[in-house]
Amino acid sequence: MAAQHDSSGKDQTSSAHHIAHTTDSSEHSFTQFIEDIAEKPLFLPPATITLPSTDTSLLMQQAGSPSLGIPHAQNKLHAASSRVDETMTAIKSYIIDHELMPGDVLPTEQTLCDELGASRSSIREAVRKLEALHIVQVTHGKGTFVGDLSLDPLVETLAFRAMIGASKKRNLQELRDVIQVRRSLDLGAAEEIVARLHGTKQPELEQIIASMNESAQQGDAFLQQDIVFHYYLLSLTDNHVLVQLAHSLWLVHMAVLPQLGLAVSTELDTTAHAHQQMLDAAIAGDAEQYKAAVYEHYRPIEAILDQQELQ
């Protein structure tokens with residue numbers, strides 16, 4: 001729901017593809033689906049966005065004493081960084097070569113040292129950096145595991161890029177760029193979503209839209225309903241990358257908005273109605289009408305951006 005800053009969903013897609021044609025058979029999967037979403041935060045507040053940090057003091061200690069001189073120290077730093085980068089690549093190659101999946105345990109630190117021919121310090125620093133990228137996850141007392149491979153690091157980078165040292169005008173353009181990409185993803189998934197929903201009954205989605213309409217009439221945003229609606233639709237594609245990317249862009253959207261001070265759209269009813277149009281078109285098997293509803297869905301927030309750029 002672009003007008004009131006909606007979401008495109010999260011990275012769990014297992015239950016949505018079980019969508020059924022009858023109320024009885026779909027009720028359990030939809031309920032589980034809602035519970036899955038509720039277990040994770042809806043968005044990443046800007047206050048939690050941090051830049052990856054490097055312990056430069058530690059690297060300087062490894063480089064040697066101050067008497068070595070700045071050029072010598074810089075060369076040492078570069079060499080240490082190169083060794084860590086090589087170790088990171090080696091660990092990723094190990095995961096691929098051994099066909100490990102998220103949640104699978106990695107060898108102990110000593111075993112990695114022996115197998116990869118790397119020092120303990122290089123292994124530790126490489127694991128620390130890989131953990132920041134969600135490629136590995138360290139659980140103290142249990143070991144190191146393959147991470148969830150989420151796109152959270154992408155969210156932090158894009159959000160920070162949109163906010164750092166920029167004018168409001170540039171931030172508006174950054175948000176417009178994000179919205180355009182989100183819309184492209186929604187349009188790209190249209191054919192498959194329509195094929196999956198054609199001829200079905202969707203009482204749960206109808207109920208969500210009814211709740212949107214009720215909130216809109218009271219002048220309230222409906223983020224929770226919106227995130228469920230869009231995530232459910234995109235999850236029908238069974239494309240994990242699409243769902244994660246769409247959700248990541250929504251997180252960036254939500255992180256940038258507070259910096260712009262944009263008012264909640266006065267066209268909440270228009271946005272709520274656009275959701276109904278999307279669902280009706282999908283059930284009717286009309287992909288072109290579905291796409292038209294997607295454009296209508298994003299129109300209010302784009303109108304707000306247009307007005308802000310004129311000020």
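Each value, and the rule that gives it
- Residues numbered from 1 in each chain as written.
- Predicted model: local features only at pLDDT ≥ 70, side-chain atom pairs only at ≥ 80, totals over all residues.
- Heavy atoms only, no water.
- Helix = DSSP H or I, 4+ residues; strand = E, 2+ residues; numbered from the N terminus.
- Expected span 1.5 Å × (residues − 1).
- Buried < 20%, exposed > 50% of the residue type's maximum accessible area, 1.4 Å probe, protein only.
- Axes fitted to C-alpha atoms, helices over the stretch in contact; angles between N-to-C directions.
- Parallel < 35°, antiparallel > 145°, perpendicular 65-115°, else oblique.
- Left-handed = near helix turned anticlockwise from the far one by under 90°.
- Contact = heavy atoms within 4.5 Å.
- Polar contact = N/O pair within 3.5 Å; in protein donor to acceptor, adjacent residues only side chain to side chain.
- Salt bridge = Lys/Arg side-chain N within 4 Å of Asp/Glu carboxyl O.
- Nonpolar A, V, L, I, M, F, W, Y, C, P; charged D, E, K, R; others polar.
- Pairing = 2+ DSSP bridges.
- 1 Å grid on protein atoms, 1.4 Å probe; cavity = no way out; pocket = protein on both sides within 12 Å on 5 of 7 lines; lining within 4 Å.
- Points joined across faces, edges and corners; volume = space filled by probe spheres on them.

J.: I keep staring at helix α10 (residues 223–235) and nothing clicks. Help me out?
T.: Count 3.6 residues to each turn of an α-helix, and residues three or four apart come out pointing the same way. Along its 13 residues, α10 runs 18 Å from first to last C-alpha, staying within 8% of the 18 Å computed at 1.5 Å per residue. Counting buried residues in α10 gives eleven out of 13 residues, a clear majority hidden from the surface. Where α10 is concerned, the buried positions are Gln-225, Asp-226, Ile-227, Val-228, Phe-229, His-230, Tyr-231, Tyr-232, Leu-233, Leu-234 and Ser-235.

J.: I'm lost on the packing of helix α4 (residues 109–116) against helix α5 (residues 120–132) in this one. Help?
T.: In helix packing, the relevant descriptors are the interaxial angle and the interaxial distance, both defined with respect to the helix axes. In the contact formed by α4 and α5, the axes pass within 9 Å of each other and the chain directions differ by 110°. In terms of orientation, α4 lies roughly perpendicular with respect to α5. For the element pair α4 and α5, the recorded crossing hand is right-handed. Residues Glu-109, Gln-110, Leu-112, Cys-113 and Leu-116 of α4 touch α5, and the partners they reach there are Arg-120, Ile-123 and Arg-124.

J.: What am I meant to see in the side chain of Thr-237 here?
T.: By secondary structure assignment, the location of Thr-237 is in the loop between α10 and α11 (240–260). Separated by 2.7 Å, the side chain of Thr-237 and the backbone oxygen of Leu-234 make a polar contact.

J.: What is the right way to read the pattern of salt bridges from this model?
T.: Pairs may arise between side chains of opposite charge once their charged atoms sit close together. By the definition in use, this model includes ten salt bridges. With its nearest N and O atoms 3.7 Å apart, the salt bridge here joins Asp-238 to Arg-196. Placement of the pair is Asp-238 in the loop between α10 and α11 and Arg-196 in helix α8 (residues 190–197), with a sequence separation of 42 residues. Note on Arg-196: relative accessible area 25%, which makes it partly exposed. Taken together, the shared-partner salt bridges connect Glu-109, Arg-120 and Arg-124 into one network.

J.: Would you explain the packing of α8 against helix α13 (residues 287–310) in this entry?
T.: One way to put it is that α8 packs onto α13 with a least axis distance of 9 Å and a crossing angle of 120°. With respect to α13, the element α8 is oriented oblique. Viewed along their axes, α8 and α13 form a crossing whose handedness is right-handed. Here Ala-190, Glu-191, Ile-193 and Val-194 of α8 come into contact with α13, specifically with Ala-287, Glu-288, Tyr-290 and Lys-291. Its residues assigned to classes, the contact of α8 with α13 comprises five nonpolar, no polar and three charged.

J.: When you look at the pairing of strand β1 (residues 136–139) in this model, what are you seeing that I'm missing?
T.: A regular strand places its side chains so that they alternate between the two faces of the sheet. Here β1 runs beside strand β2 (residues 143–146); their pairing, made up of four bridges, is antiparallel. The residue of β2 that forms the bridge with Val-138 is Thr-144. Between β1 and β2, which pair antiparallel in sequence order, lie three residues; one of them, Gly-141, sits at a positive phi of approximately 90°.

J.: What exactly am I supposed to notice about empty space enclosed by the protein here?
T.: Taking a probe equal in size to a water molecule and rolling it over the atoms shows the remaining empty space. What the rule picks out here adds up to one cavity of 30 Å³ or more. Computed from the structure, the largest cavity encloses a volume of approximately 30 Å³. Lining of the largest cavity is provided by Asp-186, Ile-193, His-230, Leu-233, Leu-234, Met-278 and Tyr-290. A total of three residues in the lining of the largest cavity trace back to one element, the largest contributor, which is α10. Tallied by class, the residues present in the lining of the largest cavity amount to five nonpolar, one polar and one charged.

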